[in-house]
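These are the residues of each chain, in order.
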Amino acid sequence: MPVAAAPTPRTTPRVPGPPRLRLRRELTAHPLRLAGALLLALVATAAGLLLPLLVREIIAEFSEHHPLGPAVLAMCGAALAGALSQAASGFLLARIGERMTYRLRIRLMEHSLRLPLAVVRAQGVGDLAARITSDALLLRQVVEVATQLPLAALTVGATLLVMVWIDWVLTLVTVGALAVLTVLVLLILRRMKGNVTGQQDAVGRIAQRYTATLDALTTVKAYRAEPVAARALAADAEELRVVSLEGARLGALVPAVLTLGNQFAMIAVILTGGARLAAGDLEVGAFAAFLLYLLQTVPSVSTLATGFGRLQAGLAARDRCNELLDLPPEADPQDAALPVPAPVPDAPSVVFHGVSYTHAGAADAALRGISFTTARTGLTAVVGSSGAGKSTTLALIDRFIQPSAGSITVLGHDTRHWPLDALRARIAYVDQAFTLLEATVRENLQLGRRTPADPHELDAALDAVGLTEDIARLPQGLDTPIGREADLSGGQRQRMALARALLSDAEIILLDEPTSQLDGLNEQRFRAIVGRLAATRAVIVVAHRLSTVQDAQHVVVMGRGAVLDAGDHSTLLARCTPYRDLVASQAAPAH
């Protein structure tokens, strides 16, 4: 048994994530489309500004009994041009927004897939899903807001200039009313960003709990725990209701304040304009045009106010997305550029040198200075009581986690010197849950292969695990998508995972509790499959059922995070008391 090397401190440098989300960069990703949308929006704005002047002209033509045809045609043309330009601008902005949302979702999903497993579990699947659904939708509206705000500000400014030209006294009254309105709205908007962040966090929490509850639905039903699960979900829903209600209150104040301010502005303008009409300082046509401009200004001011509110929501969503993008990925982006080491001939498949590991937040180490070696080919069994650190050992080999001390070599090279993708290409992993993707049977069988399997290889693998007839009964055979309408039983999923390992071209096969759902007949088939694999590859099996690993050339006995002994079955029976106890605990009772 190898002597444990002295543990050496090992730190994992913080790896930066992809570039943070910057709205200006995203908005200008398609400059020609954006310029076209802005130009069309300016045309629509100009047409809207022209209409009141044409109304003033028509009123003058009425009073002087001149023909109205040219002015009416000009007004209809301006209205039509404005409507068409506005529609075209909206469509271009929608395309820009959808492309931005698409790019963002792709970045977030790809980045989340490259995060360490512990980070994904800490974040929660539901909360991560909220980033690519509700947060992405909030960011989608930023495209419209980013163009609406400057255009609305331009419209208000241009309208005020025309209003000054018509009558500066009425314009002064209007500006005073709008200034009071702006102050009130800004006070409300200051509180909206924090509320939106709270709402999105609450959405993530309820999505996470709901997802976890559905994943455990069989257990929930078996223990009649629907009321318990429903109460927990109701508590999260209540939290979301409270924070959303606060947001609704703030949102309801904005249009109410806008309406009140607009009505006061209208009243002030009508009273002042009436006085100036009576005094002969203002013409009827000019007053009508001014009122139309005031009516046009109201929607633009409303757009500014509500746009700032929507912008605050988008900025809150941006911050949440950047929180995800700031999480360091599992491997350095330059990791793939490292040279791929060639496996050392005749080197052991895996060697642990004084490896220690502590789970995040745990007081005690899961592994304490363990050392062992596995042969280049053949079957190695890792056994021990629950909590001994067996599955943690497999996770370290595949670099799902990093040791806190010591080193691990795979095929003659330290795992730190392997590019992560190249390392995992050499290893096939079958987890305890025998996880399959929501994909076709064919795609699931070929996961991780460097070259596609031919039909003969697929048929041979399915026959080896006894799945040929089961797959033939599926609606589309090998091309049947599984995971939703068509799914496999627990035992079938287990055999499918074994077939995937059989088809793998990896040199090392890791099997974590592979026989938990196998009956006696299939356990014999499993032994035959492992024998075939072990003839040319290294197979490392974590097992509780010792009957499946008694043929192992090498058995590593673990307990309380340490290697207690190692050897073949007969040797360990003779000298290792913990191993004898394990074997005795699984022996059939005498009758």
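Remember, it's a predicted structure, so these values are computed and weren't measured experimentally.

(A) Expanded view of the overall build of the protein. The helix and strand tally for the protein stands at 19 helices and ten strands. The 591 residues of the protein split such that 45% are buried. Sequence separation of at least 24 residues holds for 78% of the intrachain contacts in the protein that already meet a minimum separation of 6. Accessible area of the protein: about 29500 Å², with a carbon and sulfur share of 63%.

(B) The arrangement of the UniProt feature "transmembrane region" (unreviewed entry) in the protein in detail. Mapped onto this numbering, the UniProt entry gives "transmembrane region" (unreviewed entry) at residues 32–51, 71–94, 149–166, 172–189, 250–272 and 284–308. In this annotation, residues 250–272 is assigned 100% helix and 0% strand; the end-to-end C-alpha distance for the span is 33 Å.

(C) Inspection of the pattern of salt bridges at higher detail. The final tally for this structure, using the stated rule, is 17 salt bridges. Residues R495 and D470 are paired through a salt bridge, measuring 3.7 Å at the closest nitrogen-oxygen approach. Placement of R495 in helix α16 (residues 490–503) and of D470 in helix α15 (residues 468–472) is noted, with a sequence separation of 25 residues between them. The same class applies to R495 as to D470, namely buried. Taken together, the shared-partner salt bridges connect D127, R131, D135, D201 and R320 into one network.

(D) Up close: the packing of helix α6 (residues 168–189) against helix α9 (residues 226–278). Where α6 meets α9, the closest approach of the two axes is 9 Å, and the angle between their N-to-C directions is 170°. Relative to α9, α6 is oriented roughly antiparallel. Tallied by class, the residues present in the contact of α6 with α9 amount to 17 nonpolar, five polar and one charged.

(E) Looking closely at the sheet that holds strand β2 (residues 367–374). With antiparallel pairing, four strands are arranged side by side in an open sheet as β2-β1-β4-β5. Of all strands in the sheet, those bounded by a partner on one side alone are β2 and β5 (413–414). Relative to strand β4 (residues 405–410), strand β1 (residues 350–357) is paired through five bridges, and the arrangement is antiparallel. If you follow S356 over to β4, its bridge partner there is A405.

(F) A look at the confidence of the model for the protein. In this model, the protein carries a mean pLDDT of 80, and residues with pLDDT of at least 70 account for 89%. Of all the helices and strands in the protein, helix α1 (residues 23–27) carries the lowest mean pLDDT, 70, while β1 carries the highest, 95. Below pLDDT 50 for its whole length, residues 1–15 participates in 34 contacts with residues either more than four positions away or in separate chains.

(G) Structural context of unusual backbone geometry. With phi around 65°, D346 is a residue other than glycine that occupies positive phi space. Here D346 is to be found in the loop between α10 (284–325) and β1. Accessibility expressed as a relative area gives 77% for D346, which makes it exposed. Even without a glycine there, the phi angle at R560 is positive, about 55°. One can find R560 in the loop between β9 (554–559) and β10 (562–567).

(H) Representation of a nonpolar patch on the surface. Nonpolar side chains collect at one region of the surface, where L39, L42, V43 and L154 lie side by side and expose about 330 Å² of accessible area between them. Inspection of the secondary structure assignment puts V43 in helix α2 (residues 31–63). Overall, V43 belongs to the partly exposed group, its relative accessible area being 36%.

What counts and how
- Residues numbered from 1 in each chain as written.
- Predicted model: local features only at pLDDT ≥ 70, side-chain atom pairs only at ≥ 80, totals over all residues.
- Heavy atoms only, no water.
- Helix = DSSP H or I, 4+ residues; strand = E, 2+ residues; numbered from the N terminus.
- Buried < 20%, exposed > 50% of the residue type's maximum accessible area, 1.4 Å probe, protein only.
- Contact = heavy atoms within 4.5 Å.
- Areas by Shrake-Rupley, 256 points an atom, 1.4 Å probe, with all protein chains shown as cover.
- UniProt positions renumbered as here; feature names shortened; annotations may be inferred.
- Salt bridge = Lys/Arg side-chain N within 4 Å of Asp/Glu carboxyl O.
- Axes fitted to C-alpha atoms, helices over the stretch in contact; angles between N-to-C directions.
- Parallel < 35°, antiparallel > 145°, perpendicular 65-115°, else oblique.
- Nonpolar A, V, L, I, M, F, W, Y, C, P; charged D, E, K, R; others polar.
- Pairing = 2+ DSSP bridges.
- pLDDT = per-residue confidence, 0-100.
- Patch = residues over 30% accessible without salt bridge, like charges linked within 9 Å, V, L, I, M, F, W, Y side chains within 5 Å.

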